[in-house]
Amino acid sequence: ALEYYQKALEIDEQLNDIRGKSTRLNNIGIVYKQWGKPEKALEYYQKALEIDEQLNDIRGKSTRLNNIGIVYKQWGKPEKALEYYQKALEIDEQLNDIRGKEAVLNNIGNVYLDWGKPEKALEYFQKALEIAEQLNDIRRKAADFDNIGIVYKQWGKPEKALEYYQKALETA
């Protein structure tokens, strides 16, 4: 995939397709993130973010900020991840992008879950679930139910966890 994205990036540069270049840089960042190379992923996400800022592409900026947050979380830097997630959430709220907001709320919930703050994680997962229900997005609802189940499991409430795991299965 990396080879094809790099070729597409070259074509974007030849055509002076700045928006396409941002997308390709983001996709290359995703590949590096999946390969467990956070420094390279961040390098490409940052380049894409710079282009989005030049183009005043607010939606693209939100996506890049969220992706940067994901890398920092996976890299074991939750404070930094939260900083980027909050910026993405602000943009999603400005744009009334409820799908983007649902995704970022889940990411923030996961940071709090990793920090051992299940009450705060639950707050974000429940907000995400409300949006998924509003969108009638079955896949996201199932994931949100699962995340809430994980919170209750971490809280030492296995019967409540099981209830949400069951909801996730029934929804999926």
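The model shown is predicted, which means the values in this text are computed figures rather than measured ones.

Draft legend 1. Examining helix H2 (residues 18-34) more closely. The end-to-end C-alpha distance of H2 is 25 Å, a good match for the 24 Å that 17 residues give at a rise of 1.5 Å each. Among the residues of H2, Gly20, Ser22, Arg24, Leu25, Asn26, Asn27, Ile28, Gly29, Val31 and Tyr32 are the ones counted as buried. Structurally, H2 contributes buried residues whose contacts are with helix H1 (2-15), helix H3 (38-55) and helix H4 (58-74). One side-chain oxygen of the residue at the start of H2 lies 3.4 Å from the amide nitrogen of Arg19, identifying that residue as Asp17. Looking one or two residues past H2, Gly36 carries a phi angle of roughly 75°, positive in sign.

Draft legend 2. Quick look at the nonpolar core. If you look at the biggest cluster of nonpolar residues, it comprises 45 residues, and the most contacted ones within it are Ile68, Tyr85, Ile108 and Ile148. Apart from residues lying up to four places away in sequence, Ile68 is in contact with Leu42, Tyr45, Gln46, Leu49 and Tyr84.

Draft legend 3. Looking closely at the packing of H2 against H4. Interaxial distance between H2 and H4 falls to 11 Å at its minimum, and their mutual angle equals 15°. Taken together, the axes of H2 and H4 lie roughly parallel to each other. Both H2 and H4 take part in a crossing whose hand is left-handed. Here H2 contributes Ser22, Thr23, Asn26 and Lys33 to the contact with H4, which in turn contributes Arg64, Asn67, Ile70, Val71 and Gln74.

Draft legend 4. Layout of the pattern of salt bridges. Applying the stated criterion to the full structure yields 20 salt bridges. When the shortest N-O distance is used, the salt bridge between Glu163 and Lys160 registers 3.8 Å. Taken together, the residues span about one helical turn, with Glu163 and Lys160 both in helix H9 (residues 158-171) at a distance of three residues. Each of the salt bridges in this network shares a partner with another, and the network as a whole consists of Lys40, Glu43 and Lys47.

Cut-off values and rules
One numbering rule holds for all chains: residues counted from 1, following each sequence as written. A pLDDT threshold of at least 70 governs which residues receive local features in this predicted model, and a stricter bar of 80 or more applies before side-chain atom pairs are shown or counted, although totals over entire chains, interfaces and linings include all residues. To get the side-chain values, take all heavy atoms of the structure and skip hydrogens and water. Labels follow the DSSP assignment, with helices taken as runs of H or I lasting at least four residues and strands as runs of E lasting at least two, numbered in each case from the N terminus. Take the number of residues in a helix, subtract one, and multiply by 1.5 Å to get its expected span. Burial classification: accessible surface area is computed with a 1.4 Å probe over protein chains only, and a residue below 20% of its type maximum counts as buried, one above 50% as exposed, and the rest as partly exposed. Between two residues, a contact is recorded if the distance between any of their heavy atoms is within 4.5 Å. Here a polar contact is taken to be a pair of N or O atoms separated by no more than 3.5 Å, where protein atoms must pair a possible hydrogen donor with a possible acceptor and residues adjacent in sequence count only if both atoms sit in side chains. Definition used in this section: a nonpolar core is a set of buried Ala, Val, Leu, Ile, Met, Phe, Trp, Tyr and Cys residues joined via side-chain atoms within 4.5 Å. To obtain each axis, a line is fitted to C-alpha atoms, and for helices this fit is confined to the stretch in contact; angles are then taken between N-to-C directions over 0 to 180 degrees. Each angle gets one of four labels, with under 35 degrees taken as roughly parallel, over 145 as roughly antiparallel, 65 to 115 as roughly perpendicular, and the rest as oblique. Put simply, a crossing is left-handed when the front helix is turned counterclockwise from the back one by less than a right angle, and right-handed when it is turned clockwise. Salt bridge, as used here, is a side-chain nitrogen of Lys or Arg placed within 4 Å of a carboxyl oxygen of Asp or Glu.

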